[in-house]
Amino acid sequence: FFFSSRRRHTRYPLVTGVQTCALPISLLSARRVAGDETIVGELIRASFDTWQSASARRMPELMARVRARQAEHGEVAFLLEPNLKEGYGGLRDIHALAWAEAAGVPISRSDRAALDAGRDVLTAIRVALHRLSGRASEILRLEDQDAVAESDRKSTRLNSSHEWISRMPSSA
C-alpha cells in the first residue's frame with residue numbers, strides 16, 4: 001500500500017484492503033523499522049481494530065486460503081524438501097493461528113508456547129538457509145539440509161546435526 005506523509009489518516013490504507021483479508025492480516029505483523037512511531041502505532045492499532053471488526057466475515061476466507069496453501073505445499077514435517085514458509089505446519093500456519101487469535105479464537109498458554117517454539121525453530125532454519133544460499137529461499141532442498149543443520153547446530157548448540165528436525169512442529 002501507499003502511505004504518504006501528507007496523508008496522516010491511518011484508516012486510509014486499511015479501507016483500501018477491505019475487499020479481502022490480505023491487507024488487514026498482513027498489517028497484524030507490522031512493526032516500525034523507521035519513521036514516525038506515533039503514525040506506525042496508530043496504523044498497527046487500526047489494523048487490529050479492522051481485523052477484529054471484520055473477523056467473523058474474514059475467518060472463512062482465511063481458513064480457505066490456509067487449506068489451499070497446505071494442499072499445494074504439503075506437510076513440512078514429512079517432506080524431504082519442505083517449504084518452510086508455505087507448507088502445512090510452516091511459518092504461515094503459525095501466522096494464521098496468531099491472526100485467528102487476534103480475531104478472538106482462544107489459544108491456551110501451552111499451545112501459544114508450543115507455537116512460539118515452533119516459530120523460533122522454523123525461523124532459525126529459514127535464516128540459516130537464507131544465509132547459506134545467499135537468497136530468500138523457502139524450500140529446504142535435500143542438498144542444503146546438512147549445511148543448514150550444521151549452521152543451526154552451531155548457533156543453537158544442538159547435540160546432533162539433525163536434531164533440528166525433531167524440533168520442527170508437528171502438524172498433527
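Quick caveat, the model's predicted, so the values are computed rather than measured.

## Brief notes about the environment of Met 59
Next, step 1: Along the chain, Met 59 falls in helix H3 (residues 37-73).
Next, step 2: By relative accessible area, which is 17% here, Met 59 ends up buried.
Next, step 3: Spatially, the C-alpha atom of Met 59 lies 8.2 Å from that of Ala 103, the residues being 44 residues apart in sequence.
Next, step 4: The residues contacting Met 59, other than those within four sequence positions of it, are Trp 51, Ala 100, Ala 103 and Val 105.

## Focus on the nonpolar core
The nonpolar side chains of a soluble globular protein tend to be buried with one another.
Next, step 1: Core analysis: the largest hydrophobic core is formed by 12 residues, namely Val 76, Leu 84, Leu 91, Ile 94, Leu 115, Val 121, Leu 122, Ile 125, Ala 128, Leu 129, Leu 140 and Val 148.
Next, step 2: Elements that contribute at least two residues to this core include exactly helix H4 (91-102) and helix H5 (109-133).
Next, step 3: Examining the composition of this core, we find that six residues originate from one element, H5, more than from any other.
Next, step 4: Beyond its immediate stretch of four places on either side in the chain, Val 148 contacts Ile 125, Ala 128, Leu 129, Leu 132 and Leu 140.

## Comments concerning the packing of H3 against H4
Next, step 1: Between H3 and H4, the least distance of the axes is 9 Å, while the angle of their chain directions is 150°. Classified by the angle between their axes, H3 and H4 sit roughly antiparallel to one another. For the pair H3 and H4, the crossing hand works out as left-handed. Contacts between H3 and H4 involve Phe 48, Trp 51, Gln 52, Met 59, Leu 62, Val 66, Arg 69 and Gln 70 from the first element and Arg 92, Asp 93, Ala 96, Trp 99, Ala 100 and Ala 102 from the second.

## Looking at the pattern of salt bridges
Close approach of charged atoms lets side chains of opposite charge pair.
Next, step 1: In this structure the tally under the stated criterion is 12 salt bridges.
Next, step 2: A salt bridge links Arg 69 to Asp 93, with the nearest nitrogen and oxygen atoms 2.6 Å apart. Here the residue Arg 69 occupies a position in helix H3, and Asp 93 occupies one in helix H4, the gap between them amounting to 24 residues.
Next, step 3: When its relative accessible area of 10% is taken as the criterion, Arg 69 is described as buried.
Next, step 4: For Asp 93, a relative accessible area of 8% translates into the label buried.
Next, step 5: Salt bridges sharing common partners tie together Glu 101, Arg 112, Asp 116, Arg 119 and Asp 120.

## A short note on H3
Next, step 1: With 37 residues, H3 ought to run about 54 Å at 1.5 Å a step, yet its terminal C-alpha atoms sit only 37 Å apart, falling short of that.
Next, step 2: Along H3, the sharpest change in direction is near 80° and occurs at Ser 55.
Next, step 3: Its side-chain oxygen at 2.7 Å from the backbone nitrogen of Thr 38, Asp 36 defines the N-terminal cap of H3.
Next, step 4: Of the residues flanking the end of H3, it is Gly 74, one or two places downstream, whose phi is positive at about 75°.

## Notes on the packing of H4 against H5
Two packed helices can be described by the angle between their axes and the distance between those axes.
Next, step 1: Interaxial distance between H4 and H5 falls to 9 Å at its minimum, and their mutual angle equals 145°. Crossing of H4 over H5 shows left-handed handedness. For the pair H4 and H5, contact is made by Leu 91, Ile 94, Leu 97, Ala 98 and Glu 101 and by Arg 112, Leu 115, Gly 118, Arg 119, Leu 122, Thr 123 and Arg 126, respectively.

## Some words on the confidence of the model for the protein chain
Next, step 1: Chain-level pLDDT for the protein chain is 80 on average; 74% of the residues reach the 70-or-more range.
Next, step 2: Element-level mean pLDDT values for the protein chain span from 50 in helix H1 (residues 11-15) up to 92 in H5.
Next, step 3: Long-range and interchain partners of residues 1-7, a stretch whose pLDDT sits below 50, account for 10 contacts in this model, where long-range means more than four residues apart.
Next, step 4: For the stretch residues 157-162, pLDDT sits under 50, and the model shows 12 contacts to residues farther than four places along the chain or on other chains.

Rules behind the numbers
- Residues numbered from 1 in each chain as written.
- Predicted model: local features only at pLDDT ≥ 70, side-chain atom pairs only at ≥ 80, totals over all residues.
- Heavy atoms only, no water.
- Helix = DSSP H or I, 4+ residues; strand = E, 2+ residues; numbered from the N terminus.
- Buried < 20%, exposed > 50% of the residue type's maximum accessible area, 1.4 Å probe, protein only.
- Contact = heavy atoms within 4.5 Å.
- Core = buried A, V, L, I, M, F, W, Y, C linked by side-chain atoms within 4.5 Å.
- Axes fitted to C-alpha atoms, helices over the stretch in contact; angles between N-to-C directions.
- Parallel < 35°, antiparallel > 145°, perpendicular 65-115°, else oblique.
- Left-handed = near helix turned anticlockwise from the far one by under 90°.
- Salt bridge = Lys/Arg side-chain N within 4 Å of Asp/Glu carboxyl O.
- Expected span 1.5 Å × (residues − 1).
- Bend = angle between axes of the 7 residues up to and from the residue.
- Polar contact = N/O pair within 3.5 Å; in protein donor to acceptor, adjacent residues only side chain to side chain.
- pLDDT = per-residue confidence, 0-100.

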